[in-house]
Amino acid sequence: MQTIIEPFKIKSVEPIYFNTPEERVAILEKAFYNPFLIHSKDVIIDLLTDSGTSAMSSNQWAGIMQGDESYAGSPSFFRFEETIQNITGMPLVIPTHQGRAAEKILFSILGGKGKYFVSNTLFDTTRANIEFSGAEGVDLLCEEGKHPSIPAPFKGNMDVNLLKNFIAEKGASNIPLCVITVTNNSGGGQPVSMQNIREVSAVCKEHKIPLFIDACRFAENSYFIKIREAGYANKSVPEIAKELFSYADGCTMSAKKDAFANIGGFLAMRNESLALSCRNLLVVMEGFPTYGGLAGRDLEAIAIGLNEVMDENYLNYRIRSIEYLTNKLIEAGVPVMQPAGGHAVYIDAKAFFPHIPVDQYPGQALVGALYLVGGIRSVEIGSLMFGKYDTDGKLIPAQMELVRMAIPRRVYTQSHIDYVAEVVIEAFNNRAKVSGLKIIEEAPILRHFTAKLAPIN
Ligand SMILES: *Cc1c(COP(=O)(O)O)cnc(C)c1O
């Protein structure tokens, strides 16, 4: 295959500051082996997240200048609204300052004690907003999605039989909403098939349960459908996205992902009375309905980004570049989640460091090793993030010990990706020298953001 070239030229650049391995030892120690405590200027390649870290296009920057900052009825809002109506086919569009603000509004209205929200996999903020309302979030992921090293085309699918059984057990009246996350962020960025969305939608309709899409990565998911699902090869990404949304009653979205924006989000839906309730809360929590929590210039940047992201040259580059990195690591024997997801590469730290027990946080040890070897910042998704303690203070580990390298959109070039592969492989070849970590200070909730750690020896 030909070299993957970026489908854009670079007009404006940001410097990367290089530091030496010796300097990185001191920086990592000072940050207590926690990547969230490292200053970004001390990072060479920042793969902490793909959220809000995209490079905007010259058109988006031009849109920023044209943003109209009127409090009510800004033309920037109407461009935003029309773009989302065109992509989703949903008539009612509500801007918010982030994805979680859209979730907060939706679940404040639909949530409450004794209710269940079913999903392929709920993202952390979605689950947190559901639980904050007193309701319970339930993941009904397909079996293939639970095995990181076994490839399958649509590992983000919901298990339709589990859904039917769950509805039979709890009663449809206790399930206010079904959420399909595309792609499945917490499940490795794996896509959901159109067939699965169609089947889930049919079950939901039969039981009068509304279906919402968590649409943060709708374009990446649509492109996976185009290249992997029978019958879609000749359809355009906008056509596929429109069909995907046609099975749903609404959606939430973080514009910090597939809209190439640095901030923003929205709700879109078909039901007038639900939209009215949402707008009533919006005014209290975010702002007037034609700006949500956003500036007019943000609405412009999002509207332009939403159209740019569906360009197939971009999506081909995006998906192939992540697949290229994944495959390079597989060839070198590095244990990674397969197949490649849409926005990140996940390394299986338990298999990477078989000599480090889970209560010595192999994922966090790998995050440290990648930083020391090459200044790469990644994030642990394992027992530091999700671990709990039993009554004796013993760690109850997470199901998996993963390290995520999320790739910001349009930010790094193919040579940066080659460098990342080299660093991971070098760390892998020297893996026996790395020791585990212990926690020396932690917060009672969301400890991974602030925890302080130290090497065991
Ligand atoms: C990022 C994300 C959210 C939350 O969006 P924010 O803009 O970070 O509040 C919700 N769902 C998924 C799948 C996400 O990736």
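Because the structure is a prediction, the values reported are computed rather than measured.

**Student:** Whenever I open this one, the sheet that holds strand β14 (residues 402–406) confuses me. Can you help?
**Tutor:** Strands pair in a sheet through their backbones, by hydrogen bonds, and they do so in one of two ways: parallel or antiparallel. Read from one edge to the other, the open sheet built from three strands follows the order β9-β14-β11, with strand pairing classed as antiparallel. This sheet does not close on itself; its edge strands, each paired only once, are β9 (344–348) and β11 (379–381). Averaged over neighbouring strand pairs, the angle between their axes works out to 30° when direction is ignored. For β9 and β14, the ladder comprises five bridges, and the chain directions are antiparallel. If you follow Ile 347 over to β14, its bridge partner there is Val 403. Of the strands in this sheet, β9, β11 and β14 are in contact with helix α14 (residues 362–374), which crosses β14 at around 40°.

**Student:** Just to check I follow, could you spell out the pattern of salt bridges for this structure?
**Tutor:** Should the charged atoms of two oppositely charged side chains come close, the side chains can pair. The tally for this structure, following the rule as stated, stands at 18 salt bridges. Among the salt bridges present, the one from Arg 198 reaches Glu 243, with a minimum N-O distance of 3.3 Å. Of this pair, Arg 198 sits in helix α7 (residues 194–206) while Glu 243 sits in helix α9 (residues 237–246); the two residues are 45 residues apart in sequence, bridging distant segments of the chain. Taking relative accessible area as the criterion, Arg 198 reaches 34% and is therefore assigned partly exposed. Taking relative accessible area as the criterion, Glu 243 reaches 17% and is therefore assigned buried. It is possible to trace a salt-bridge network through shared partners that takes in Asp 50, Arg 217, Glu 220, Asp 258, Arg 318 and Arg 409.

**Student:** Explain the nonpolar core here, please?
**Tutor:** Buried together is how nonpolar side chains tend to be arranged in soluble globular proteins. Ranked by size, the top nonpolar core spans 62 residues in total, and within it Val 118, Val 200, Ile 213, Phe 218, Phe 245 and Leu 306 carry the most contacts. Counting the residues that make up this core, at least three belong to each of domain 1 (21–50 + 312–455) and domain 2 (58–308). Those residues in contact with Ile 213 that sit more than four places away from it in its chain are Ile 180, Val 182, Leu 244, Phe 245, Ala 248, Gly 250, Cys 251 and Thr 252.

**Student:** Looking at this structure, how should I read the packing of aromatic side chains?
**Tutor:** Taken as a whole and assessed by the stated rule, the structure comprises 14 aromatic pairs. Both rings, one in Phe 8 and one in Tyr 317, keep their centres 5.7 Å apart while their planes meet at 85°; by these two values the pair is edge-to-face. With Phe 8 in the segment before α1 (21–30) and Tyr 317 in helix α12 (residues 312–331), this pair connects stretches of sequence that are 309 residues apart. The buried category is assigned to Tyr 317, whose relative accessible area is 7%. Among the aromatic residues, those joined into a cluster by ring pairs are Phe 8, Phe 260, Tyr 314 and Tyr 317. In this structure, Lys 257 is placed above the aromatic ring of Phe 123, and the distance from its NZ or CZ to the ring centre is 5.5 Å.

**Student:** What is the right way to read α1 from this model?
**Tutor:** For an α-helix, the turn length of 3.6 residues means that residues three or four places apart are oriented alike. Those residues of α1 not exposed but buried are Arg 24, Ile 27 and Leu 28. The buried residues of α1 occupy an angular sector of 95° when the element is viewed end-on, so they sit on one face. In this structure, α1 carries Glu 22 and Lys 30 as exposed residues pointing more than 90 degrees from its buried face. Elements that come into contact with the buried residues of α1 comprise α14. One or two positions beyond α1, positive phi appears at Phe 32, with a value near 55°.

About the criteria used
Residues numbered from 1 in each chain as written. Predicted model: local features only at pLDDT ≥ 70, side-chain atom pairs only at ≥ 80, totals over all residues. Heavy atoms only, no water. Pairing = 2+ DSSP bridges. Helix = DSSP H or I, 4+ residues; strand = E, 2+ residues; numbered from the N terminus. Axes fitted to C-alpha atoms, helices over the stretch in contact; angles between N-to-C directions. Contact = heavy atoms within 4.5 Å. Salt bridge = Lys/Arg side-chain N within 4 Å of Asp/Glu carboxyl O. Buried < 20%, exposed > 50% of the residue type's maximum accessible area, 1.4 Å probe, protein only. Core = buried A, V, L, I, M, F, W, Y, C linked by side-chain atoms within 4.5 Å. Domains from an automatic or database assignment. Phe/Tyr/Trp six-rings, centres within 6.5 Å; stacked < 30°, edge-to-face > 60°. Lys NZ or Arg CZ within 6 Å of the ring centre and 35° of its normal. Arc of directions from axis to C-beta.

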